[in-house]
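Listed below are the residues making up each chain.
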Amino acid sequence: MISLALLRFLRRTPWSTSMALVGMALGVASIVSVHLVSASISSRLDGLVPSSLADFSYYLHRENLHTNDYFELRRMWRSGALPTLERLSPVVDETAQVADLSVRVLGIDLLSQTPSGEIQTSTGQFAFNGVWVDETLKGALSLPINGIIEAPEGTLLSDISVAHDLLNWPDHQLSYIGLVIGHAFAQSLEVAENLLPGFGAGLPVAKPNLAIGPGWQLVNTAEQYPARAFGKSILFNIAALGMLALLVAWLLIYQVAVSWLRRLWPVFDRLHGLGVEWQSLRNYFLGSIGVIASIAAGLGLIVGWWLATKLLQMSVPGQVVALDLSAWVVAKAFGSALAVCLVGGAWAFKRSQQGKPQSLAPLLTTLVLLFCGLICVLEAKTGLAGGFFTIAVLSLAAGQTIGPLLILLKRWSSNIGGSYLMRVGVREALWHPAELSVALAGLSLSIATAIGVGLMVDSFRLDFSQMLDHRLKYDVIAEGAPASLEALIKAPRSVHQANRIQHYRTADIRVNGVLVELNVTQMDAFESSRYAHDKRLGNREVLLSEQAARSLDVLPQATLRIRGETMTVAGTFSAFGDLKPRLIVDDQSVIAAAMGADFKTTSVAFKSAAPQALAGSLKRSSSMLEIRLQSDIRRIALEVFDQTFAITTVLITIALLVAAISVYIAVTTLRLNRQAGRQLLNTLGVHRVEQHLMNLSMGIGLGAVAMIVALPLGMMFGWILCNVINPRAFGWTIELQMSAGALLWPCAWGMLAAILAGMLQVGGKEEGAFGGH
Amino acid sequence: MTQDSALTVNKISKHYQDGSRQIEVIRDLSFNVAAGKSLSVTGPSGSGKSTLLNALAGLVELDDGDITLEIEDTIFSYRAAKERARTAFRRQHIGYVYQFFNLVPTLTVLENVRLPARLNRRPDLEAFASTLLGDFGLSDRMHDFPEKLSGGEQQRVAVARAVLLRPPLLLADEPTGNLDAENSAQIADILFSSCRDQNIMLVLATHSNDIAAMADTRLHLDARSSARLTPE
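Residues numbered from 1 in each chain as written. Chains lettered and ligands numbered in written order. Predicted model: local features only at pLDDT ≥ 70, side-chain atom pairs only at ≥ 80, totals over all residues. Heavy atoms only, no water.

A.B. asks: Sorry if this is basic, but what is going on with the overall build of chain B here?
C.D. replies: From N to C terminus, chain B includes 7 helices and 10 strands. Taken over the C-alpha atoms alone, chain B extends approximately 50 × 40 × 35 Å along its principal axes. Residues counted as buried form 56% of the 232 residues belonging to chain B. Within chain B, counting contacts between residues at least 6 apart in sequence, those at least 24 apart form 68% of the total. On chain B, roughly 10,200 Å² of surface is accessible, and the fraction owed to carbon and sulfur atoms is 45%. For chain B, the distance from the average site of its 25 positive side-chain charges to the average site of its 30 negative ones is 4 Å. (Helix = DSSP H or I, 4+ residues; strand = E, 2+ residues; numbered from the N terminus. Buried < 20%, exposed > 50% of the residue type's maximum accessible area, 1.4 Å probe, protein only. Contact = heavy atoms within 4.5 Å. Areas by Shrake-Rupley, 256 points an atom, 1.4 Å probe, with all protein chains shown as cover. Lys, Arg positive; Asp, Glu negative; His and termini not counted. Charge placed at Lys NZ, Arg CZ, Asp CG, Glu CD.)

Rendered as structure tokens:
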């Protein structure tokens, strides 16, 4: 009977019910869309690692790795000296020219590990001298094919002995030893990764301490596959941002629950008087909110799926997007909607029952958490999760300041001057901390996030643009197959009408066990200036990208052993967007001389007085190459940059919308409680236009309070994103710029949301509890 | 302003709709009040006292009949006026005191009293607000917010605000209903004396026979929508 009465109450309060439904559905849509986008990207990123190597969590590397090293390690493991190690396996991993194709040759021990691809031999059994290849190499090689595997383009998998033959390596040489190291939380992490794709990238990486003697370098999967780690870090960032709308939706549900309980409480009081226990009343109330949560979850799933499709089409135009609505995402949608609604409702019920708690516990907890947050900022080992933990703690602390701030402003509010009606409007915004603080916390949080992300994006854009200014000193760039590029270099200069031709060669090598990209080119003063280095690079000097300096843990002027040669780090350079750590040496350097043929030409750059004509001539003479003008590269680079942040803009907009609904609900509740005051003003002859002006003043007051908290909080978010999150996620630093646009636009949108919430009158005449006025 | 004013209520009727049921609150009610005179309205709950006062304030539309207020040879007809015109008229010419929720909680005592002067752009009356508060024994509470005042003090502030403009008509809807006997007597005394001194017509709804007896005329409404007018 009580459940039916409560459901009728929801029907008789259509505006607040529908607003709660819309807000919650938007919150669910936000996490669903992020999940679907992330899962789609994550599966593509996982495809970067051949399935046969996917189990390895670490790789052991040393110079001139010998099979004897592996057997020695295996003996130690068998004797129990390496207890955390679950499995180890020798691996050959090198790129070679096979049948005129650049192929990544992977050699594994077939006796201990059989590839998962389907056997395609006539006998149904694999041959030890045969190979497994990815789809692109099928039919391109003359070797016996055992089967097709899931792997990046151009991957060949075979037994170690076959790999040695293909690479012309001595039969004792290995690339590294793959390790499977177990840990207590492996299963929990797998569940977390399914619920939140990219979750693992946010956790701090602590290398296990293996007692295996000197000379070994332990490399984790992220360092081995930097492109995958880079992508997963982006996913973690997006997932964290996707949670924002859900958090604001939680505050919204709390606000709605408070609003409903205000009207229901007298009835609950009477029912309690009739002998119904408070716990039962709470359960009935939570049950009715649960109905809204379930409907919102269903709606959120549909909207989230649609949104994810649009976002993926936006980020990868022209691609067919097929999203998998897995059981995980359905569980996540319903689970999070129910959790948010039930926790928000229970919190509101408890507050209505007990009044405002006077305990110091929340304040002390926040102070302790703030201290932990400070440690997370200072200590890089806490990883991405540490950075986001600090942001969460700051949000919590800022949310808690709204109530005391409103009390402070209430005391000061007698000093407000101007028209009396404006005073009434502004004071209405400041005088009701109990009714408004939670909704204002949500609005402040959304504005602060928009400011923080905006500051980071603007700062990043500026640095990126400056990097492009440095890098794009050539007029025309040619890219394509190494042979075609070599042919282009050898052509007579007069044909190219170019003042300067620069060619770039590249090889992937390991330095201190870390896989890096080594670039070789003529590093005279002009070329060095492209990397913010003011003079010619010496024969024993090397330039490092920021990511490389961080991965190798070296500073300028430090020395570095590269392929047996000692090199001095001459400087570091920004390399936004690079997937791998990068090193640059001069083409006359000792390393370039030692490695010689290992390099392949990747691009050729031209300086010319007539770039358009040059580009046209190159396109005609080298149709196999991709010829691009510098101006096109800049435009495309900035377009891609802006596309990258489209998803963040959408997620912040959703959060801001949910926050605006939350403020609207709070203001409507306030209005319901202050109807007598409004009636009095009407009696005094205050007409509708003046009442709208009062509401406008109130909206401005609400917006101003949100701004007082959001501005400093947003600046702190911006600083953390630039100086903590970015270096930890991607290895680069961004100089924080206080751009006016990033500060003002979110404030303007936030103010508009507050004003609309303050001025909208719809729903203000909802019926009271169980239909009574 | 309060010279030569008169209130005429001519056969007014008002009903409310409750679903399919029509509830007649006032039927064919007529009376007059002359300048400086007072009328008390009594009757049981639901007899239409508050509806009558709201009709006199122009807050509700009439179904039938008309109310006119004559101020210095100008006659304002409620029935002919639109809602916005009635609001502007009320702002300028009518004072109102409720039983409770009389003050704007977010304005100080002085701001509350000055509010009609501000709304009517009458800066000349702002000093009079302080004088009135002094006369009503509230000079030390001027800068407090209403929440700090007692019920009796709040009602005195409400009366001060209602008489600030010296309106021709002051309406009081059970102004003492929420007060103890001592404060009730004090508020009634302030109300009647202020209106008499400033030649303001007073229409006061009350349950108290003692207060009703202080008025020049008494109008009794009963639950059957009928009225009986008796001079005191």
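A.B. asks: Looking at this structure, how should I read the pattern of salt bridges?
C.D. replies: A side chain of one charge can pair with a side chain of the opposite charge if their charged atoms are brought near each other. Under the defined criterion, the tally for this structure stands at 20 salt bridges over all chains. Notably, a salt bridge pairs B:Glu111 with A:Arg423, separated by 2.4 Å at the nearest N-O pair. Pair noted here: B:Glu111 is in helix 3 (residues 109-119) and A:Arg423 is in helix 12 (residues 420-430), and the two residues belong to different chains. A salt bridge links B:Glu111 to A:Arg427, with the nearest nitrogen and oxygen atoms 2.7 Å apart. (Salt bridge = Lys/Arg side-chain N within 4 Å of Asp/Glu carboxyl O.)

A.B. asks: Before we go on, may I ask you to explain helix 4 (residues 160-167) of chain A in this structure?
C.D. replies: For the α-helix, the turn length of 3.6 residues means that residues three or four positions removed from each other point alike. For helix 4 of chain A, the full list of buried residues reads A:Ile160, A:Val162, A:Ala163, A:His164 and A:Leu167. The secondary structure elements touched by the buried residues of helix 4 of chain A are strand 2 (85-98), strand 3 (101-108), strand 4 (131-133) and strand 6 (155-159) of chain A.

A.B. asks: What is the right way to read the interface of chain A and chain B from this model?
C.D. replies: The parts lose accessible area when they come together, and the size of an interface is often stated as this lost area. Contacts between chain A and chain B engage 23 residues on the former and 23 residues on the latter. Here chain A packs against chain B, burying approximately 2,300 Å² in sum over the two surfaces, 62% of which is carbon and sulfur. Among the residues of chain A in contact with chain B, A:Tyr420, A:Thr683 and A:Leu684 are the three that bury the most area, contributing 31% of the side total. For the pair chain A and chain B, the number of links is 4 salt bridges. The interface formed by chain A and chain B contains 8 residue pairs in polar contact (both at pLDDT 80 or more). Elements with a contribution of two residues or more to the side of chain A that touches chain B: helix 12, helix 22 (675-683) and helix 23 (688-730) of chain A. Along the lines of polarity and charge, the residues of the side of chain A that touches chain B split into 10 nonpolar, 8 polar and 5 charged. (Buried area = accessible area lost by both parts, 1.4 Å probe. Polar contact = N/O pair within 3.5 Å; in protein donor to acceptor, adjacent residues only side chain to side chain. Nonpolar A, V, L, I, M, F, W, Y, C, P; charged D, E, K, R; others polar.)

A.B. asks: Help me understand the domain arrangement of chain A, please; the structure alone is not making it clear to me.
C.D. replies: All names here are of chain A. Once the domains are mapped, chain A shows domain 1 (1-49 + 192-204 + 221-355), domain 2 (357-469 + 638-773) and domain 3 (481-624). With 54 residues of domain 1 at the contact, the number on the domain 2 side is 48 residues. On the domain 1 side of the contact with domain 2, Arg12, Leu241 and Gln255 bury the most area, a combined 15% of that side's loss. Seen at the junction of domain 1 and domain 2, the total is 0 salt bridges. At the boundary of domain 1 and domain 2, one finds 0 residue pairs in polar contact (both at pLDDT 80 or more). Looking at the side of domain 1 that touches domain 2, the elements that each hand over two or more residues are helix 1 (2-12), helix 2 (14-46), helix 7 (226-273), helix 8 (278-315) and helix 9 (327-354). Looking at the side of domain 1 that touches domain 2, the element that brings in the most residues is helix 7, giving 24 residues. Here the residues of the side of domain 1 that touches domain 2 sort into 36 nonpolar, 14 polar and 4 charged. (Domains from an automatic or database assignment.)

A.B. asks: In this structure, what is going on with the environment of A:Asp469? I would like to understand it.
C.D. replies: Here A:Asp469 shows up in helix 13 (residues 433-471). Put simply, A:Asp469 and A:Arg530 are 61 residues apart on the chain and 8.5 Å apart in space, counted from C-alpha to C-alpha.

A.B. asks: It is not clear to me how unusual backbone geometry should be interpreted in this structure. Could you clarify?
C.D. replies: Outside of glycine, negative phi angles account for most residues, and trans bonds account for most peptide bonds. Within the chain, A:Asn168 stands out as a residue other than glycine whose phi angle is a positive 60 degrees. Assignment of secondary structure puts A:Asn168 in the loop between helix 4 and strand 7 (176-181). On the basis of relative accessible area, A:Asn168 is assigned to the exposed category, the value being 68%. A positive phi angle is found at B:Lys11, which is not glycine, with a value near 50 degrees.

A.B. asks: Before we go on, may I ask you to explain the sheet that holds strand 11 (residues 514-521) of chain A in this structure?
C.D. replies: Remark on secondary structure: sheet strands pair via backbone hydrogen bonds, oriented parallel or antiparallel. Residue and element names in this part refer to chain A. Pairing is mixed across the open sheet formed by 9 strands, whose spatial order is 13-14-12-15-11-10-16-9-17. This sheet does not close on itself; its edge strands, each paired only once, are strand 13 (559-562) and strand 17 (626-629). Ignoring which end each strand starts from, the neighbouring axes of this sheet average 30 degrees apart. Relative to strand 11, strand 10 (residues 500-511) runs antiparallel, the two sharing 7 bridges. Paired with Ala507 across the bridge in strand 11 is Leu518. Lying over the sheet, helix 19 (residues 611-621) contacts strand 9 (476-479), strand 16 (600-607) and strand 17, oriented at roughly 175 degrees with respect to strand 17. (Pairing = 2+ DSSP bridges. Axes fitted to C-alpha atoms, helices over the stretch in contact; angles between N-to-C directions.)

A.B. asks: I tried to follow the pairing of strand 4 (residues 64-71) of chain B on my own but got confused; where do I start?
C.D. replies: Across a regular strand the side chains alternate sides, sitting on one face of the sheet and then on the other. Residue and element names in this part refer to chain B. The pairing of strand 1 (residues 5-18) with strand 4 spans 7 bridges and is antiparallel. Bridge pairing in strand 4 places Leu7 opposite Leu69. Relative to strand 5 (residues 74-77), strand 4 is paired through 4 bridges, and the arrangement is antiparallel. Note on strand 5: the bridge partner recorded for Thr68 is Ser77. Counted along the chain from strand 4 to the antiparallel partner strand 5, the turn is 2 residues long, and its residue Glu72 has a positive phi close to 45 degrees.

A.B. asks: When you look at the packing of helix 23 of chain A against helix 24 (residues 740-759) of chain A in this model, what are you seeing that I'm missing?
C.D. replies: Packed helix pairs are specified by the crossing angle of their axes together with the interaxial distance, meaning the distance between the axes. All names here are of chain A. The contact between helix 23 and helix 24 brings their axes to 7 Å, and the two run at 145 degrees. Along this stretch, helix 23 crosses helix 24, giving a crossing that reads as right-handed. Contacts between helix 23 and helix 24 involve His692, Asn695, Leu696, Gly699, Ile700, Leu702, Gly703, Ala704, Met707, Leu711 and Met715 from the former and Leu743, Cys747, Gly750, Met751, Ala754, Ile755, Gly758 and Met759 from the latter. Tallied by class, the residues present in the contact of helix 23 with helix 24 amount to 13 nonpolar, 6 polar and no charged. (Left-handed = near helix turned anticlockwise from the far one by under 90°.)

A.B. asks: Before we go on, may I ask you to explain the nonpolar core in this structure?
C.D. replies: If you look at soluble globular proteins, the nonpolar side chains tend to sit buried side by side. Residues and elements named next belong to chain A. Formed by 147 residues in total, the largest nonpolar core has its most connected members in Met24, Trp260, Phe268, Phe285, Leu440, Leu443 and Leu702. At 23 residues, helix 7 tops the list of elements feeding residues into this core. Dropping the residues within four chain positions of it, Trp260 is found in contact with Phe9, Leu10, Thr13, Ser16, Thr17, Ala20, Phe285, Ile289 and Ile292. (Core = buried A, V, L, I, M, F, W, Y, C linked by side-chain atoms within 4.5 Å.)

A.B. asks: For this particular structure, what's the right way to read the packing of helix 11 (residues 383-412) of chain A against helix 13 of chain A?
C.D. replies: All names here are of chain A. Contact geometry of helix 11 with helix 13 gives a least axis separation of 9 Å together with a crossing angle of 140 degrees. Comparing their axes, helix 13 and helix 11 come out oblique. The interaxial crossing formed by helix 11 with helix 13 has right-handed handedness. Here Ser395, Gly399, Ile402, Gly403, Leu406 and Ile407 of helix 11 come into contact with helix 13, specifically with Pro433, Ser437, Leu440, Ala441, Ser444 and Leu445. (Parallel < 35°, antiparallel > 145°, perpendicular 65-115°, else oblique.)

A.B. asks: Would you mind going over the sheet that holds strand 3 of chain A with me for this structure?
C.D. replies: All names here are of chain A. Here we have 8 strands laid out as an open sheet, ordered 5-4-6-3-2-7-1-8, and mixed in their pairing. In the strand order of this sheet, the two ends are held by strand 5 (145-148) and strand 8 (217-220), each with one partner. The mean inter-strand angle of the sheet, taken between neighbouring strand axes irrespective of direction, is 30 degrees. Note that strand 3 and strand 6 share 5 bridges and pair parallel. Paired with Gly107 across the bridge in strand 6 is Ser158. Sitting on the sheet, helix 3 (residues 67-78) touches strand 1 (58-61), strand 2 and strand 7, and the angle it makes with strand 2 is about 165 degrees. In the packing of helix 4 onto the sheet, the strands contacted are strand 2, strand 3, strand 4 and strand 6, and the crossing angle to strand 2 comes to about 25 degrees.

A.B. asks: Would you mind showing me how to read the pairing of strand 15 (residues 582-586) of chain A here?
C.D. replies: Residues and elements named next belong to chain A. Burial analysis of strand 15 places 5 of its 5 residues in the buried class, which makes it a mostly covered element. Alternating positions in strand 15 separate into two faces, Arg582, Ile584 and Asp586 on one and Leu583 and Val585 on the other, with burial throughout. Sheet topology note: the strand 11/strand 15 ladder contains 5 bridges and is parallel. Looking at strand 15, one finds that Val520 is bridged to Val585. Note: strand 12 (residues 541-545) against strand 15, 2 bridges, orientation antiparallel. Residue pairing across strands places Leu544 opposite Leu583, the latter belonging to strand 15.

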